[in-house]
Amino acid sequence: AAMIHDLNEAGEALIKKWEGLRLKKYYCVAGYPTIGYGNVIANDESYSVITHQQAEELFDHDKQVYIQGANNLTGGTKINDNQFAAVVSLMYNNGIDGVTNSTTGYLLRNGKFAEAIARFPMWCKARDPKTKKMVKVQGLLNRRLEEVALFNTP
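Given the structure is predicted, the values throughout are model-derived calculations rather than measurements.

Below, the discussion takes up the overall build of the chain. Looking only at helices and strands, the chain has seven helices and five strands in total. Mapped in sequence order, the helices and strands of the chain form the string α-β-β-β-α-α-α-α-α-β-β-α. Here the C-alpha radius of gyration of the chain, 15 Å, is about what a compact globule of 154 residues would show, namely 15 Å. If you line up the chain on its principal axes, its C-alpha atoms span 40 × 35 × 25 Å.

Moving on to the sheet that holds strand S1 (residues 22-27). Ordered in space as S1-S2-S3, the three strands form an open sheet in which the pairing is antiparallel. Each end of this open sheet is capped by a strand with a single partner; those strands are S1 and strand S3 (39-40). As paired strands, S1 and strand S2 (residues 33-36) are joined by three bridges and run antiparallel to one another. Its bridge partner lying in S2, Arg22 is registered against Gly36.

The contact between helix H2 (residues 52-74) and helix H3 (residues 81-94) brings their axes to 9 Å, and the two run at 115 degrees. When the axes of H2 and H3 are compared, the crossing they make is right-handed. Residues Phe59, Asp62, Tyr66, Ile67, Gly69, Ala70, Asn71, Leu73 and Thr74 of H2 form the contact with H3, whose participating residues are Phe84, Val87, Val88, Met91 and Tyr92. A breakdown of the residues in the contact of H2 with H3 according to their chemical character gives 10 nonpolar, three polar and one charged.

To continue, consider the packing of H3 against helix H7 (residues 138-151). Here H3 crosses H7 at 160 degrees, and the two axes come no closer than 7 Å. Here H3 is positioned roughly antiparallel relative to H7, judged by the angle of their axes. Residues Asn82, Gln83, Ala85, Ala86, Val87, Ser89, Leu90, Tyr92, Asn93 and Asn94 of H3 lie in contact with H7, whose contacting residues are Leu140, Arg143, Arg144, Glu147, Leu150 and Phe151. Class assignment of the residues belonging to the contact of H3 with H7 gives a composition of eight nonpolar, five polar and three charged.

With that settled, consider the state of the cysteines. This structure, assessed with the given rule, holds zero disulfides. A disulfide-free cysteine, Cys28 has its sulfur positioned 16 Å from the sulfur of Cys124, the nearest such atom.

Relative to the 20 Å expected for 14 residues at 1.5 Å per residue, H3 spans 20 Å between its end C-alpha atoms, a close match to the ideal helical length. The buried fraction of H3 amounts to 11 of the 14 residues, a majority that puts the element mostly inside the structure. Among all positions in H3, only Asn82, Gln83, Phe84, Ala85, Ala86, Val87, Val88, Ser89, Leu90, Met91 and Tyr92 are buried. Here the buried face of H3 lies against helix H1 (9-19), H2, helix H4 (96-100), helix H5 (103-109), helix H6 (113-119) and H7. With a side-chain oxygen positioned 3.0 Å from the backbone nitrogen of Asn82, the residue opening H3 is Asn80. Positive backbone phi, approximately 90 degrees, marks Gly95, located one or two places after H3.

Parameters at a glance
The residue numbers shown here count from 1 along each chain, following its written sequence. Side-chain atom pairs in this predicted model are given and counted only at pLDDT of 80 or more, local residue features only at pLDDT of at least 70, and totals for whole chains, interfaces and linings cover all residues. Where side-chain values are given, they derive from all heavy atoms of the structure, hydrogens and water being excluded. Every helix listed is a DSSP run of H or I at least four residues long, and every strand listed is a run of E at least two residues long, numbered separately from the N terminus. Radius of gyration here is computed from C-alpha atoms only, and the compact-globule reference equals 2.2 Å multiplied by the residue count raised to the power 0.38. Here, any two strands with at least 2 DSSP bridges between them count as paired. The angle between two axes is taken between their N-to-C directions and runs from 0 to 180 degrees, where each axis is a line fitted to C-alpha atoms and a helix contributes only its stretch in contact. Whether a crossing is left-handed or right-handed is set by the direction in which the near helix is turned from the far one by less than a right angle, anticlockwise for left-handed and clockwise for right-handed. Contacts are residue-level and defined by heavy atoms, with any inter-residue pair within 4.5 Å sufficient. Gly counts as polar in this scheme, as do all residues outside two lists: the nonpolar Ala, Val, Leu, Ile, Met, Phe, Trp, Tyr, Cys and Pro, and the charged Asp, Glu, Lys and Arg. Our angle categories are set so that under 35 degrees counts as roughly parallel, over 145 as roughly antiparallel, 65 to 115 as roughly perpendicular, and the remainder as oblique. Here, the term disulfide refers to a pair of cysteine sulfur atoms separated by no more than 2.5 Å. To estimate how far a helix should extend, the number of its residues minus one is multiplied by 1.5 Å. Exposure classes here rest on a 1.4 Å probe applied to the protein chains alone. A residue is buried below 20% of its type maximum, exposed above 50%, and partly exposed in between. Whenever a nitrogen or oxygen atom comes within 3.5 Å of another N or O atom, the pair is scored as a polar contact, on the condition that within protein one atom can donate a hydrogen and the other can accept it, and that pairs from neighbouring residues in sequence are kept only if both atoms are in side chains.

Now the structure itself:
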């Protein structure tokens, strides 16, 4: 049976810290309109300013999507809560499909955790909206290293 995990406090704190809280609409490094804790504003949404409470509600809604994605990926493995939280954070930042369909995702799905976590630091590039080239972003690398540390915490 698939083990169903929830996002622990350490994982939620990590995601919120790195996404940051913005109550006014902004454009993320990849050029997407964003608000709250890294909530990408959908085409049918029109947020420009929100309250802290709304940001929490958006996050609570968003996180369920990524928790489900991480459970779908790792459900057949013996993953612990901190490992799971690191996967949710990686997905929150890079998309469920991107992670699931990657080598990292393959390794996680098959319980090859040491190999999978060794690949986390590779997820540190973002597309420059001007040049359209993928560039290394130190902040993303720093986030990956914190995810690795959480993953490796028993």
